[in-house]
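# Structural overview for review
Take a look at the letters that make up each chain.
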Amino acid sequence: MIALAGAFWLRARRRRHLEEAARRAAEAEMLAITAAAAAATASAKAEPAALPPAELAQESTAQSEAVPATSPELPDAEAQAREDEAALRAILAAEEAHRAAEADRRAAASAAAEAERVEAERRELERLEAERAQAEAAEAERREAARLEAERLEAERVAAEQEAARLEAERVEAERRELERVEAERAQAEAAEAERREAARLEAERVEAERLAAAQEAARVASERLEAERLEAERLESERQAAAAAEAAARAAAEAEAARVAALAAARPMRTLRPQETVVMLADDSKIVRVKTSRVLAAQGYQVVLAESAEEAIAKMAEQLPHVLITDVEMPGMDGFDLTRHVRAQAASRTMPVLMITSSDDKKEQAAAAGVTTLLGKPYEEAALIACIETARLAVQVPDEQA
């Protein structure tokens, strides 16, 4: 700041010198112009030769020396000489003023150059001062930023230390709680183990008591069972003897009845079952097959009984036993093999002809094992079906009521 103030003062001082030099130069130039005008006027009056001021002065001196002092034209010559001298002095003064003005101009130019140099120096000082101020400001900002960064880092360090202390406290607290939990679990486990052992002991005692009670009960039950078995054996033996006696009596009665029926049958004539007397049952879950086959059978005069399933066929056979059973293999619920096995298991239908219709060629063994009389493929010939039914019909003999 002091250097900048000195530069301003020096600039003002040089500006004042320049202004003073310019003023003096202007005054000298005015004096020179005035003197030149006066000299020109004097020269015009004297009509001197066009000589330089120095030669003119020498000529004037020579003329004054050549003129005798006793010349009658002395007053005019002296006046002329004085005028010439005055003119010469004016010219010399003008030249001196011109030189002074030139010196002042040069001094003014030098002062202007100096002022420009001072101004340049001032500007350079201002630039340097601005750069220095900017650098100081930047340095201050850097220091402030560094201080703020240090404060931030310190705050972060303190916060981190506080966070670490908090986490450490939480860890210690967690460890304490974990230890308490483990200790509580251990105590609980020990209590549970003690309870389990006590319960096991009580359970063992209870089981042992129940075992003893069960053994006693088993002994009692065994004795009672033996007694009951003995009584039951005695009862069964008495019942067996009574049943044997009843069976012998029934057998004797049956044999007598059979002999009577045989005697009556031998006495009565027999005939073959007629087609209109033949009852044919068709068991098939397909409505189309039932309708089509029933039309074929009805055309032969047979009595046709239809069943949609094996269960329905069994129910209808309980009401009326057919002479021939026609069944399909695949049906919902019981299939054709199950139905055939049921028929063969009943005494009344054990010998009934069973015709099975299937589209598979690998059912022969299974059909034979179930007791199927005839296995027909799909599609079958109606004549083959009728032939099988006729064979079964002709094997049935009924009493001839007309004989």
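These remarks concern the structure in this document. From a predicted model like this one, the values you see are computed outputs, not experimental measurements.

### Thoughts on the nonpolar core
If you look at the biggest cluster of nonpolar residues, it comprises 15 residues, and the most contacted ones within it are Val280, Leu297, Ile326, Leu355, Leu385 and Ile389. For this core, the secondary-structure elements that each account for two or more residues are strand E2 (279-283), helix H4 (287-299), strand E4 (324-328), strand E5 (354-358) and helix H8 (382-394). Per-element accounting of this core gives the leading share, 5 residues, to H8. Not counting residues within four places of it along the chain, the set of residues in contact with Ile389 comprises Val280, Leu297, Tyr302, Val324, Ile326 and Leu355. In terms of nonpolar packing, the next biggest core, distinct from the first, is built from 14 residues, Ala283, Ala310, Leu339 and Val354 among them.

### Considering helix H6 (residues 336-345)
One turn of the α-helix equals 3.6 residues, which is why residues spaced by three or four share an orientation. Listed in full, the buried residues belonging to H6 are Gly336, Phe337, Leu339, Thr340 and Val343. Around the axis of H6, the buried residues are gathered within 160 degrees of arc, so they sit on the same side. In the core, the buried residues of H6 are packed alongside E2, helix H5 (310-319), E4, E5 and helix H7 (364-370). Structurally, the start of H6 carries an N-cap: the backbone nitrogen of Phe337 is 3.3 Å from a side-chain oxygen of Asp335.

### A few points about the packing of H4 against H8
A pair of packed helices is characterised by two quantities: the angle between their axes and the separation of those axes. At a minimum axis separation of 11 Å, H4 and H8 run at an interaxial angle of 60 degrees. Relative to H8, the element H4 lies oblique. In the crossing of H4 with H8, the sense of the turn from one axis to the other is right-handed. In contact with Lys292, Thr293, Val296 and Leu297 of H4, H8 contributes Glu382, Leu385, Ile386 and Ile389. Looking at the contact of H4 with H8 residue by residue, the classes come out as 5 nonpolar, 1 polar and 2 charged.

### Details of the pairing of strand E6 (residues 374-377)
Where E5 lies against E6, 4 bridges are found, and the strand directions are parallel. What sits directly across from Met356, in E6, is Leu375.

### Quick word on H8
For H8, built from 13 residues, the straight-helix expectation of 18 Å at 1.5 Å per residue is met to within 8% by its first-to-last C-alpha distance of 18 Å. Of all the positions in H8, only Leu385, Ile386, Cys388, Ile389, Glu390, Ala392 and Arg393 are classed as buried. Where H8 is buried, its residues contact strand E1 (270-272), E2, H4, E4, E5 and E6.

### A look at the side chain of Thr327
Relative to the elements of secondary structure, Thr327 occurs in strand E4. A residue is classified by how much of its surface remains accessible, and Thr327, at 1% relative accessible area, is buried. Contact partners of Thr327, with chain neighbours within four places excluded, come to Ala283, Gly336, Leu339, Thr340, Val354, Leu355, Met356 and Ile357.

Here is what the cut-offs are and how they apply
- Residues numbered from 1 in each chain as written.
- Predicted model: local features only at pLDDT ≥ 70, side-chain atom pairs only at ≥ 80, totals over all residues.
- Heavy atoms only, no water.
- Core = buried A, V, L, I, M, F, W, Y, C linked by side-chain atoms within 4.5 Å.
- Buried < 20%, exposed > 50% of the residue type's maximum accessible area, 1.4 Å probe, protein only.
- Helix = DSSP H or I, 4+ residues; strand = E, 2+ residues; numbered from the N terminus.
- Contact = heavy atoms within 4.5 Å.
- Arc of directions from axis to C-beta.
- Polar contact = N/O pair within 3.5 Å; in protein donor to acceptor, adjacent residues only side chain to side chain.
- Axes fitted to C-alpha atoms, helices over the stretch in contact; angles between N-to-C directions.
- Parallel < 35°, antiparallel > 145°, perpendicular 65-115°, else oblique.
- Left-handed = near helix turned anticlockwise from the far one by under 90°.
- Nonpolar A, V, L, I, M, F, W, Y, C, P; charged D, E, K, R; others polar.
- Pairing = 2+ DSSP bridges.
- Expected span 1.5 Å × (residues − 1).

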